[in-house]
Amino acid sequence: MGGTGGCNFLLSNDVVPVPSGPPRKVEVEAVNSTAVKVSWRSPVPNKQHGQIRGYQVHYVRMENGEPKGQPMLKDIMLADAQWEYDDTAEHEMIISGLQPETTYSFTVTAYTTKGDGARSKPKLVSTTGAVPGKPRLVISHTQMNTALIQWHPPVETFGPLQGYRLKFGRKDMDTLTTMEFSEKEDHFTATDIHKGASYVFRLSARNKVGFGEEMVKEISVPEEVPSGFPQNLHSESSTSTSVQLTWQMPLLAERNGIITKYTILYRDINVAYQPVELPVVPADTTMTLSGLKPDTTYDVKVRAHTSKGPGPYSPSVQFRTLPVDQGR
């Protein structure tokens, strides 16, 4: 009876055995203080013994080279389209919820419908130390183009704090100002906070391991009329009846919002009371004045508008059209 039973056992294993080869190229890498990335390739084809339906990642905490506590298991089931017969597929899994500054042992097995196959050799990895949590952050905009930034330590610091890092700036600009503070400091006043702009503030706390996750706050300062005038008004070219004008936007700090249009005011310097006002919409920074008198000097100035209204006119600049014979 025993012999027959043994024969049946061998026969059933030979027909549809589980994978006899372990997953290959198993790599483990600490992602942060509580997570590890495990990657691997499928077993060699001649040791798969059927369609691989998925993988199991086994892991256990280690202390002094010995397993400690309950072993844990994460399963990755392959979709039907991924069932494998080749050895080119690469897999990875993030294992989270681990303890900081702790060593773990990882093994990976492939499974078919008949069960788990051979385990890979154990791989050890240690999670990093924990960085602080997010600090608490309060931003108060004041009227004098400043913002008061106040903060409180994170709830979880994972050891003594060693300072803070603040990054801030206009959202529409690529670069942020970066400043560092000691662990005793808890506020800072940012200047040059422009009206009509949105700002982002990013604050992180640091312990011996490094900087933690950033707390991010944004503020939007209401628009006002521009407080400055367009810059560098000049003439690009002229004929006997036209002048092409070009200028630059007001200084960034003086725009106080999005420039929606410009207004040009011009007059023949010999005719004091008949200025002509022209809107420039959309807000291009070039305009051709046409229908002018030949060989005549004109006085020109320009102002910018936001949704709240117009700002001040630029200082006036004088341009002269060409005489008729030169303008042809």
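Predicted model, so just to flag it, every value in this text is computed and none were measured.

(A) How the structure looks around the overall build of the protein. The helix and strand tally for the protein stands at three helices and 23 strands. Here the protein has a C-alpha radius of gyration of 36 Å; the compact-globule value for 328 residues is 20 Å, and the former is much larger. If you line up the protein on its principal axes, its C-alpha atoms span 125 × 55 × 25 Å. Going through the 328 residues of the protein one by one, you find that 36% of them count as buried. Partitioning the intrachain contacts of the protein with sequence separation of at least 6 by distance along the chain shows that 63% fall at a separation of at least 24. Only carbon and sulfur atoms are counted for the fraction: they give 51% of the accessible area of the protein, which is about 18400 Å². Between the mean site of the 34 positive side-chain charges and the mean site of the 35 negative ones, the protein shows a separation of 2 Å.

(B) Summary view of the UniProt feature "domain: Fibronectin type-III" (unreviewed entry) in the protein. Feature annotation in UniProt assigns "domain: Fibronectin type-III" (unreviewed entry) to the following positions: residues 22–130, 131–224 and 229–324. In the segment residues 131–224, helix accounts for 0% and strand for 47%; the C-alpha atoms at its two ends are 42 Å apart. Counting secondary structure, residues 229–324 comes out at 5% helix and 49% strand; the distance between its end C-alpha atoms is 34 Å.

(C) Focus on the environment of Lys37. Among the structural elements, Lys37 can be located in strand 2 (residues 36–41). On the accessibility criterion, Lys37 (25% relative accessible area) is partly exposed. Taking C-alpha positions, Lys37 is 52 Å from Pro282, a pair spaced 245 residues apart along the chain. Not counting the four nearest positions on each side in its chain, Lys37 is found in contact with Glu27, Val28, Glu29, Val31, Glu92, Met93 and Ile94.

(D) Structural view of the sheet that holds strand 2. Strand order in the open sheet made by the three strands is 1-2-5, with antiparallel pairing throughout. The open sheet has two edge strands with one neighbour each: strand 1 (24–30) and strand 5 (90–95). Neighbour-to-neighbour, the strand axes of the sheet open up by a mean angle of 15°, direction not taken into account.

(E) Highlighting the packing of aromatic side chains. Considering all chains together, one arrives at nine aromatic pairs under this definition. Taken together through their ring pairs, the aromatic side chains of Trp151, Tyr164, Phe168, Phe181, Phe188 and Phe201 make up a single cluster. The aromatic ring of Tyr313 is capped on one face by Lys301, whose charged end is 5.5 Å from the ring centroid.

(F) Broad picture of the pairing of strand 16 (residues 231–238). Of the strand pairs in this sheet, strand 16 and strand 17 (residues 243–248) are connected by five bridges, and their pairing is antiparallel. Bridge pairing links His234 to Thr246 in strand 17. Counting the residues between successive antiparallel strands, the hairpin from strand 16 to strand 17 contains four residues.

Scoring rules and cut-offs
- Residues numbered from 1 in each chain as written.
- Predicted model: local features only at pLDDT ≥ 70, side-chain atom pairs only at ≥ 80, totals over all residues.
- Heavy atoms only, no water.
- Helix = DSSP H or I, 4+ residues; strand = E, 2+ residues; numbered from the N terminus.
- Rg over C-alpha atoms; globule rule 2.2 N^0.38 Å.
- Buried < 20%, exposed > 50% of the residue type's maximum accessible area, 1.4 Å probe, protein only.
- Contact = heavy atoms within 4.5 Å.
- Areas by Shrake-Rupley, 256 points an atom, 1.4 Å probe, with all protein chains shown as cover.
- Lys, Arg positive; Asp, Glu negative; His and termini not counted.
- Charge placed at Lys NZ, Arg CZ, Asp CG, Glu CD.
- UniProt positions renumbered as here; feature names shortened; annotations may be inferred.
- Pairing = 2+ DSSP bridges.
- Axes fitted to C-alpha atoms, helices over the stretch in contact; angles between N-to-C directions.
- Phe/Tyr/Trp six-rings, centres within 6.5 Å; stacked < 30°, edge-to-face > 60°.
- Lys NZ or Arg CZ within 6 Å of the ring centre and 35° of its normal.

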